[in-house]
Amino acid sequence: MGLVCSGKCGQDAVGPEPDAQPPRRPASGKGTKVTPLDDEAKGLAESTGRGARSDREARDAEELQQAQQEYRKEEASDSEDTQPLMPTKTLLVQEAAAGEEPLAPHAHGVSAPNLAFNSRNKMNHLDHSPSQEVTGDMVGQFLKAHPEFLESWLMEQVELETLERWMIRRTQRAKQKSLENGTNGPPVAPAVCLKRSTSKIIRKTSLSRWKFCVHADKRKMLQELTSSLHARPNKAHVLWELAHCISSAVNADGFNLYLVDHVTSTLQHYVETKDGTEVTGGDRWACDVGPGTWMCAWIAHSRQTLRVTSPSHDPRFPRGSPFPEGLHHALGMVVVQSDGHLAAVLEMYRRESGECFHEEDEEIVNSYLVWGGIALHYAELYHSMVKQRKLNDFILSVVKSIFQDMVSMDTLIMKVMNFAQKLVNADRASLFLVDAKNRQLYARIFDMGSEFDEDNPPQASKEIRFAIGKGIAGIVAQTGQVLNIPDAYADPRFNRTVDQLTGYVTKSILCMPIFIRGNVIGVMQMVNKHGGIFSKVGDEEDEESFEMFAVYCGLALHHAKLYDKIRRSEQKYKVALEMMSYHSCCGEEELSKLSKEEVPNHMVGVDDYYFCPLNLEDMEKVRHAIYMFVDLFGLTRFEKDCLIRFTLTVKKNYRRVPYHNWTHGFSVANSMYTIIKHSPKTFRPLECLALFIGSLCHDLDHRGKNNKFMLETESPLAAIYTTSTLEHHHFNQTVTILQQEGHNIFGKLTSNEYKQVLGNIKHCILATDLAMFFPNKAKLAKLVEENQFDWENPEHRLLIEAIAMTACDLCASAKPWDVQVETVKVIFEEFYEQGDAEKAVGKSPIPMMDRTKTDEQASSQVGFLSGICIPCYELLHKLIPNTEPLLAGCKSNLETWKSIASEKKAKAREEEEEEGEETDTGIEEVNGDEDEEGEETVEEIDDDCIDSRDNGDDK
C-alpha cells in the first residue's frame, strides 16, 4: 500500500491541532504523482518565504530538507545492499497498491513521499511507480497497527525534551477535559492522596511515565504537605500524609505505616482517622526490630528496600505481614531522618489481581521521599522549637514561682517537687538534700504524690536520713550520675523494703543529682512515669528537660540556703542590736538624775579657746555638752530629755582607748562651740547644728587604730568601707544612735531640714580624715589666694566647714603647754599600742609608733605641727579672724617642741662625741651647720607624719 506522510511526524511541538480540512481528491479524479522531496521542500520554502505559511510550516520545510538528505543516503545504501532493513531513520517512497483509490493531500497542503511497508515492518526498495496520496488518518491507522515501529521511530528521531513537552501538554489536556466533564482529579496523573480522590485512576506505572506525568501531582503534594505541616506539625502526621501520597503515586491498593519507638526499639502500627487524629482504640500493634519475625521488622533491621510477592512464604520473615488482608505484592522501604535515625517503615501492597511492583515504583517512592524528607525534617525542627519554647516557658514559671515565693526551705522544696512531677509526668517525687558534714541524705518532705495542691501543701513529716551510697538516691549522690531505670525490680540496687511496707509498686525511676559549683547538694527522684517509662537523652525530653530543670533547681536551693542564712543572720543582727542598744544606751538612773537638774544659764570659761577638759569628770563633760547645745540652739525645737539621752549614749559609745575617747570627742565639740560662739554669723543655724553634733560624734566607737592598720589587717570595717573606713563607721554609729527610741534630737525638724542636717553631719565627720584635709586645703587656699572665695557659694561653704572640723580635731595642738603635754602622752600611748599590734603580725611600725624610739616624740611633733596644724590654722584665720587664738597657741607649742627637739639633738650629739672620743681614729666627721641639720630633720619628720596620718590618723 502506498502511503504519503503528512509531514507532522517529526514535529517537536505539541498542542491543540489546527482545524483539519476534510480530505480532498484531485479534480481530474486520477491519482496524483508524488512530488519529489526536492520539489516539495522548495515549494514549502518558497511559500514560507512569501509569508503564506506560519513559523511552524517553516520548521516543517527545514525538516523536509533534512529528510531529503537522509532519503538520498538511504537510496544510495539500497543500491548497494538489497536486503530489507528496519525503518529506523526515514520512510521510503513507494507507489500505492494497485486498485487503491488516490488519497487527498494533507490538510496543511504539504504532501509527503509515498511509503511502502511490508507486513513485518520491513522496508522495500524504492518504487517509482505512481502512488496514491496518503492522508493523516491513514498514517494514524498505520501507526496504531504498527506500535513497534512508532516506538522505534520516536526513540531515535525525537529529542527527549520534545517528548517531555508533549507529555506535559497531554497531561494538561487530560486535566482540562476532566474538569469540563466534572470529574475530580486528572485521569492520567496520580492522585495526591487516596482519601481525597473520589475516583481512582488505574494506570500502569513506569519510570518514563512517572517522570513526565506527575509534575502537577508533585506540586499538589508539596502544597498539601505544607498545609498539613502548618496545621499539625508532628512527625507522625507528616509520615501519614507522605504514605498516602506515595501509595497513590505507585497505584498501590493500600499501605501500612510503622513508626519507630527508639526508647523501646520497637515498631508501632500507626493509623489516622479522616479528621487527622490518631486511632487509639485498643492496644497499638507493635513488634521488636529484628530479623526472623515480621516483614516490617526485617525491613527496619536491614534498612533495605524490599519488593516481594506472597511475603508469607518468604523464609526471611516467616510471619509475613501483621495485616495480610489484600496483601499479595508488597513494596517496603524505610524512612530515614536527616540525622540518620530511622523514622518509620512504609509497607505498600497490591492485591493478587494487580501486577507486582517494579524498579520504576522504587524510583517513584524515592522521588517522593526526597520531598517528604524535607517536610519531615522541618516538622522535627518545628517540634523541637515548640518543645523548647514550652520548656522555656515552664522553666520561667518555675523560676518566678521559686524566687518570688521564697519563704522557707520547705515551701521551696514542695514547689520544686511539684514542678518536677509536671515536667516528666511522674506519679511520685522525692527530693533529698546532702549533709556533706555527716555524709548523709536527708528529707523532711518525702514521697510527695500527684495529689499535691499548692494551696494546701502537705505538712513536713519527721525527717528521714540515710547514708550516701545507699539505695538509688544514695548512689546518685555518691557518683553524681543520672540513673534512668525502666524496671526497678530488675535492678539489684533498688530497695524493695519501702514498697513492701507501703504497698506501693515502683515500676520506673528517674533519679538525677543537683549540682552547685561542681558539688552535689541534692538528689531529685521521680517514680513511675504515667503512660510508660522515662525517656533517655536523645530520644525524648525527660532526661534532657529534667537535667535543665535540675540546674535551676540547684540555683533555687542554693539561694534558699543563702536566704535562710541571711534571715538567721538578720535575726542575730537584731538580737545583737538589741543587746548593743541595751548596753550602749544610757542608764535610766543617769538619765533621771540629769533630767531633774536645770541647765545653767552660764558656765565660766567654757567658751575659751584654751579651755581645759582634762580636769572634768565624764558626767561633768555631759553637763557641759548639754549646756553648750542649749546655749547655741535653745530648747524650742528640741526636747530636753531626748538631748540628755542622746548625749549620755554618745558618751557611752566612745571606747576606753588612750586618746580617741569621750574626752577627745568633748574637746573637739567644745572647740567648735567656741568658734561658733565667737563668730556667730559665720555659719547658718543648720550648719552650726551639723558642725556641733558632728564634732561631738566624730570619733564614735574608735578602736585606737588608724585606717591604714584596718586595711592591712583586713578588718571587717575595711571590707564594708574601702575609703575613710573609720570616718564612715563614726557617721553610721551616729545615725544608729539617732534611730534608737528617744534619741532623735532632730525629731521636730522638717523633712528637708532633717535631710540637710544629716547630710552635713556626714560631710563634717568625713572631713576629719586627714587624707581629705590636703585636697580640701589646696582648693580653699587657691580660692583665698585668688580672692575668689564666696560665702554665698555652697561648695565654698562646705570647704570652710571641712577646714573648721580639722582645726577643731587638732585643737590639742593649740591648748596651753600643760594640756598639750598631757595630750601628747596619751596620743603616743595609742600610737605605741598600734605599733605593738603591727609587730605582733610581723610588720615593722613607723618610728613614731615604735615605743623603743621615744626620743623621737619631740621631732615628730615638730613635723606634725609645722606640716599640718599651722597651715590649717593659718587658712582658717584668714577666713574667720576670730580663730586667731588657735593659730597663736599652736605656734607657741611649736616653738617649745622645736626647743625640746634641739636639746635632744644636742644631747644626742654630745653622746655621740663621747662615744667617738673613746673610739677616736683620728678622722673627724664633717657636719653641716646645726640649723641646717635641724631643718633637714624637721622635714624628714614632717614627711613621716603626713604619711602616717594620710590613712586616718587624726591626732
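Keep in mind that what you see is a predicted model, and the values were worked out from it rather than measured. (Residues numbered from 1 in each chain as written. Predicted model: local features only at pLDDT ≥ 70, side-chain atom pairs only at ≥ 80, totals over all residues. Heavy atoms only, no water.)

Some words on the overall build of the chain
- Secondary structure assignment for the chain yields 29 helices and 15 strands.
- Residues classed as buried in the chain amount to 46% of the 955 residues present.
- Within the chain, contacts between residues at least 6 apart in sequence are counted, and of these 69% link residues at least 24 apart.
- Of the roughly 49600 Å² that the chain leaves accessible, carbon and sulfur atoms contribute 50%. (Helix = DSSP H or I, 4+ residues; strand = E, 2+ residues; numbered from the N terminus. Buried < 20%, exposed > 50% of the residue type's maximum accessible area, 1.4 Å probe, protein only. Contact = heavy atoms within 4.5 Å. Areas by Shrake-Rupley, 256 points an atom, 1.4 Å probe, with all protein chains shown as cover.)

Regarding the pairing of strand β7 (residues 329–336)
- Along β7, seven of the eight residues are buried, which leaves the element largely enclosed by surrounding structure.
- Where strand β6 (residues 306–309) lies against β7, four bridges are found, and the strand directions are antiparallel. Paired with Thr 309 across the two strands is His 329, which belongs to β7.
- Where β7 meets strand β8 (residues 342–350), eight bridges bridge the pair, whose relative direction is antiparallel. Along β8, the bridge assignment pairs Val 336 with Leu 342.
- Between the end of β7 and the start of β8, which pair antiparallel, lie five residues, with Gly 340 showing a positive phi angle near 90 degrees. (Pairing = 2+ DSSP bridges.)

Quick look at the packing of aromatic side chains
- Tallied over the entire structure, the rule returns 21 aromatic pairs.
- Where Trp 240 meets Tyr 270, the ring centres are 6.0 Å apart and the plane angle is 70 degrees; that geometry is what we call edge-to-face. Of this pair, Trp 240 sits in helix α8 (residues 235–249) while Tyr 270 sits in strand β4 (residues 266–270); the two residues are 30 residues apart in sequence, bridging distant segments of the chain.
- Owing to a relative accessible area of 8%, Trp 240 belongs among the buried residues under this scheme.
- Classification of Tyr 270 by relative accessible area gives buried; the value is 5%.
- For the ring pair Phe 828 and Tyr 832, a centre distance of 6.0 Å and an interplane angle of 45 degrees mean the geometry is tilted. With Phe 828 and Tyr 832 both in helix α26 (residues 817–840), this residue pair falls four residues apart, about one helical turn.
- On the accessibility criterion, Phe 828 (2% relative accessible area) is buried.
- When its relative accessible area of 5% is taken as the criterion, Tyr 832 is described as buried.
- Lying over the aromatic face of Tyr 504, Arg 428 brings its terminal NZ or CZ to 5.1 Å of the ring centre. (Phe/Tyr/Trp six-rings, centres within 6.5 Å; stacked < 30°, edge-to-face > 60°. Lys NZ or Arg CZ within 6 Å of the ring centre and 35° of its normal.)

Things to note about the confidence of the model for the chain
- In this model, the chain carries an average pLDDT of 76, and 71% of its residues clear a pLDDT of 70 or more.
- When mean pLDDT is compared element by element in the chain, helix α19 (residues 685–697) scores highest at 97, while strand β1 (residues 3–4) scores lowest at 38.
- Low pLDDT, under 50, characterises residues 1–54; the predicted model gives this stretch 117 contacts beyond four residues in sequence or across chains.
- Note on residues 920–955: pLDDT under 50 across the span, and 60 contacts to partners over four residues away in sequence or across chains. (pLDDT = per-residue confidence, 0-100.)

Some remarks on unusual backbone geometry
- Even without being a glycine, Ser 310 presents a positive backbone phi close to 55 degrees.
- Turning to its location among the elements, Ser 310 is positioned in the loop between β6 and β7.
- Classification of Ser 310 by relative accessible area gives partly exposed; the value is 22%.
- The phi dihedral of Arg 439 is positive, around 55 degrees, even though this residue is not glycine.
- Note that Arg 439 resides in the loop between β9 (426–435) and β10 (440–443).

Here's the deal with the sheet that holds β6
- Read across the open sheet, the six strands follow the order β5-β4-β3-β8-β7-β6; overall the sheet is antiparallel. In this open sheet, the two strands that pair with only one neighbour each are β5 (286–288) and β6. The average undirected angle you get between the axes of adjacent strands in this sheet is 25 degrees.
- Sheet contacts for α8: β3 (254–261), β4, β7 and β8; angle to β3, the most-contacted strand, approximately 150 degrees. (Axes fitted to C-alpha atoms, helices over the stretch in contact; angles between N-to-C directions.)

Some words on the packing of helix α16 (residues 618–633) against helix α18 (residues 662–678)
- Where α16 meets α18, the closest approach of the two axes is 11 Å, and the angle between their N-to-C directions is 25 degrees. It follows from the interaxial angle that α16 and α18 lie roughly parallel. As for the relative orientation of α16 and α18, their crossing is left-handed in sense. On α18, the residues touching Asp 618, Lys 621, Val 622, His 624, Ala 625, Tyr 627, Met 628, Asp 631 and Leu 632 of α16 are Trp 662, Thr 663, Phe 666, Asn 670, Tyr 673, Ile 676 and Lys 677.
- Of the residues in the contact of α16 with α18, the class split is nine nonpolar, three polar and four charged. (Parallel < 35°, antiparallel > 145°, perpendicular 65-115°, else oblique. Left-handed = near helix turned anticlockwise from the far one by under 90°. Nonpolar A, V, L, I, M, F, W, Y, C, P; charged D, E, K, R; others polar.)

Points about the pattern of salt bridges
- Going through the model one piece at a time under the given rule, you end up with 21 salt bridges.
- Residue Arg 465 pairs with Asp 435 through a salt bridge whose shortest N-O separation is 3.0 Å. In this pair, Arg 465 is assigned in strand β12 (residues 464–467) and Asp 435 in strand β9, connecting sequence segments 30 residues apart.
- Residue Arg 655 pairs with Asp 701 through a salt bridge whose shortest N-O separation is 2.7 Å. Within this pair, whereas Arg 655 is found in the loop between α17 (640–652) and α18, its partner Asp 701 is found in the loop between α19 and α20 (707–712), the two being separated by 46 residues in sequence.
- The class for Asp 701 is buried, based on a relative accessible area of 11%.
- Beyond isolated ion pairs, a larger network of salt bridges with shared partners links Glu 597, Glu 620 and Arg 623. (Salt bridge = Lys/Arg side-chain N within 4 Å of Asp/Glu carboxyl O.)

What about a nonpolar patch on the surface?
- Together, Val 370, Trp 371, Ile 374, Tyr 378 and Leu 381 give the surface a local cluster of nonpolar side chains, amounting to about 480 Å² of exposed area.
- Position of Trp 371 among the secondary structure elements: in helix α10 (residues 359–404). (Patch = residues over 30% accessible without salt bridge, like charges linked within 9 Å, V, L, I, M, F, W, Y side chains within 5 Å.)

Remarks on a negative patch on the surface
- Taken together, the side chains of Asp 855, Glu 856, Glu 910, Glu 911, Glu 912, Glu 913, Glu 914 and Glu 915 present a region of like negative charge at the surface.
- With respect to the secondary-structure elements, Glu 912 resides in helix α28 (residues 884–918). (Lys, Arg positive; Asp, Glu negative; His and termini not counted. Charge placed at Lys NZ, Arg CZ, Asp CG, Glu CD.)

A look at the nonpolar core
- Ile 693 and Phe 746 are the most contacted members of the largest nonpolar core, which totals 98 residues.
- With 12 residues, helix α27 (residues 857–879) is the single largest residue contributor to this core.
- Dropping the residues within four chain positions of it, Ile 693 is found in contact with Phe 629, Phe 646, Ile 745, Phe 746 and Ile 761.
- With 31 residues, the next largest nonpolar core counts Leu 391, Leu 423, Tyr 442 and Met 512 among its residues. (Core = buried A, V, L, I, M, F, W, Y, C linked by side-chain atoms within 4.5 Å.)

Concerning the packing of α26 against α27
- α27 packs onto α26 with a crossing angle of 105 degrees between their chain directions and a minimal axis gap of 12 Å. With respect to α27, the element α26 is oriented roughly perpendicular. Listed contacts from α27 to Gln 820, Val 824, Phe 828 and Tyr 832 of α26 are Gln 857, Ser 860, Gln 861 and Leu 865.
- For the contact of α26 with α27, the residue count by class is four nonpolar, four polar and no charged.

Looking at the environment of Gly 469
- Considering the arrangement of structural elements, one finds Gly 469 in the loop between β12 and α12 (471–479).
- Of the residues examined, Gly 469 reaches a relative accessible area of 31% and is grouped as partly exposed.
- For the pair formed by Gly 469 and Thr 479, sequence separation is 10 residues and the distance between their alpha carbons is 8.3 Å.
- The contact partners of Gly 469, leaving out residues within four places of it in the chain, are Gly 474, Ile 475 and Gln 478.

Topic: the environment of Lys 843
- Assignment of secondary structure puts Lys 843 in the loop between α26 and α27.
- We classify Lys 843 as partly exposed; its relative accessible area is 32%.
- For the pair formed by Lys 843 and Glu 712, sequence separation is 131 residues and the distance between their alpha carbons is 10.0 Å.
- Apart from the residues lying within four places of it in its own chain, the contact partners of Lys 843 are Glu 712 and Glu 838.

Quick notes on a positive patch on the surface
- On the surface, Arg 169, Arg 170, Arg 173 and Lys 177 cluster together to form a positively charged patch.
- Inspection of the secondary structure puts Arg 170 in helix α5 (residues 160–181).

Brief notes about helix α25 (residues 794–809)
- Here α25 contains 16 residues, and its C-alpha end-to-end distance of 23 Å stays within 8% of the 22 Å for a straight helix at 1.5 Å per residue.
- In terms of burial, α25 is largely enclosed, as 13 of its 16 residues are buried.
- Capping of α25 at its N-terminal end is provided by Asn 793; its side-chain oxygen lies 3.0 Å from the backbone amide nitrogen of Glu 795. (Expected span 1.5 Å × (residues − 1). Polar contact = N/O pair within 3.5 Å; in protein donor to acceptor, adjacent residues only side chain to side chain.)

Details of the side chain of Asn 760
- Following the sequence through the fold, Asn 760 ends up in helix α23 (residues 751–766).
- Residue contacts for Asn 760: discarding those within four places in its chain leaves Glu 687, Ala 690, Leu 798 and Glu 801.

Re the environment of Leu 700
- Following the sequence through the fold, Leu 700 ends up in the loop between α19 and α20.
- In sequence terms Leu 700 and Phe 731 are 31 residues apart; their C-alpha atoms lie 7.9 Å from each other.
- Residues in contact with Leu 700, not counting those within four places in the same chain, are Val 650, Asn 653, Tyr 654, His 729, His 730, Gln 733, Thr 734 and Ile 737.

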